[in-house]
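Listed below, chain by chain, are the residues.
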Amino acid sequence: MTASVSDVELHAGITDPLLPDLLHPSRLLWTPRELQDLTSTVASELTSSLLAILQYTSSQRWWARLALTEGVELWLLSWLPGQQTEPHDHGGAAGSFTVLTGELAEFYRYPGGPIRSQSHGVGSAIGFGAGRAHQVLNLSKAPAASVHAYSPPLVPTREYASLADIPAEIPPLPAHRSLADLRKEPVEP
């Protein structure tokens, strides 16, 4: 099935016809496994297109929204050495990321669980459920880039002083929103 333009918003730099077909605009809620498959496929199959739009900025992490449907948002992020997120969750949304270039470190925790860490190299993909809070960092000496997806889309993140501060309850997900409503939301991953 080919997605219609009204069902999918795409980054102007992504012209590969594969992407709209991967987005399944009729799917309103994606599982962590489906998100992981999406980020992994996009990172491996659209590498040239992604590298053509990728940028690095020293003042802050750089990002570009690659696609948006009513069920999923897809992002490309860059990470210079030392750049990182604050500890955060995704407000009850499921998520995934796949490392496109370089290496990223991740510290993560589920409510009531211990703080854990992982290193993610090129091609490493992880899908996660609604309760996961994490902090992603580039601890290496080389730039990195990653592809991220979240479902439902544009659910606000919550930041914490540390991963030890995660609450025991996950916030309820917002009501389903149309693509027209989602397009009105601020754009930041």
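Preceding this section is the structure that the text describes.
Attention in this report is confined to the structure presented alongside it. (Residues numbered from 1 in each chain as written. Predicted model: local features only at pLDDT ≥ 70, side-chain atom pairs only at ≥ 80, totals over all residues. Heavy atoms only, no water.)

1. Details of the overall build of the chain
No. 1: In terms of regular secondary structure, the chain is built from four helices and eleven strands.
No. 2: The C-alpha radius of gyration computed for the chain amounts to 16 Å, which stays within 12% of the reference 16 Å derived for 189 residues, consistent with globular compactness.
No. 3: Considered along the principal axes of its C-alpha atoms, the chain spans approximately 45 × 40 × 30 Å.
No. 4: Across the 189 residues of the chain, 46% fall into the buried class.
No. 5: Taking all contacts inside the chain whose residues are at least 6 apart in sequence as the whole, residues at least 24 apart take part in 74%.
No. 6: Counting every atom, the chain has about 8,700 Å² of accessible surface; 53% of that belongs to carbon and sulfur.
No. 7: Side-chain charges of the chain comprise 12 positive and 19 negative groups, with the mean position of each set lying 4 Å from the other. (Helix = DSSP H or I, 4+ residues; strand = E, 2+ residues; numbered from the N terminus. Rg over C-alpha atoms; globule rule 2.2 N^0.38 Å. Buried < 20%, exposed > 50% of the residue type's maximum accessible area, 1.4 Å probe, protein only. Contact = heavy atoms within 4.5 Å. Areas by Shrake-Rupley, 256 points an atom, 1.4 Å probe, with all protein chains shown as cover. Lys, Arg positive; Asp, Glu negative; His and termini not counted. Charge placed at Lys NZ, Arg CZ, Asp CG, Glu CD.)

2. Some words on the pattern of salt bridges
No. 1: The tally for this structure, following the rule as stated, stands at five salt bridges.
No. 2: In this structure, arginine 65 and glutamate 9 form a salt bridge, with 2.7 Å as the shortest nitrogen-oxygen distance. Linking arginine 65 in strand S2 (residues 62-68) with glutamate 9 in strand S1 (residues 9-10), this pair joins segments that are 56 residues apart in sequence.
No. 3: Using a relative accessible area of 24% as the deciding quantity, one classes glutamate 9 as partly exposed.
No. 4: Across the salt bridge formed by glutamate 106 and arginine 132, the nearest N and O atoms sit 2.9 Å from each other. Residue glutamate 106 is located in strand S6 (residues 104-109), and its partner arginine 132 is located in the loop between strand S8 (125-128) and strand S9 (133-137); the two are separated by 26 residues in the primary sequence.
No. 5: Residue classification places arginine 132 among the buried residues on the basis of a relative accessible area of 4%. (Salt bridge = Lys/Arg side-chain N within 4 Å of Asp/Glu carboxyl O.)

3. Brief notes about unusual backbone geometry
No. 1: With omega at -5°, the peptide bond leading from serine 151 into proline 152 counts as cis.
No. 2: By the element assignment, proline 152 lies in the loop between strand S10 (144-151) and strand S11 (158-159).
No. 3: One non-glycine residue, leucine 154, adopts positive backbone phi at about 55°.
No. 4: Along the polypeptide, leucine 154 turns up in the loop between S10 and S11.

4. Considerations on the environment of glutamine 55
No. 1: Structurally, the position occupied by glutamine 55 is in the loop between helix H3 (47-53) and S2.
No. 2: Since its relative accessible area comes to 43%, glutamine 55 is described here as partly exposed.
No. 3: For the pair glutamine 55 and leucine 76, spaced 21 residues apart in the sequence, the C-alpha separation amounts to 9.7 Å.
No. 4: Setting aside anything within four residues of it in sequence, one finds glutamine 55 in contact with Trp62 and Ser78.

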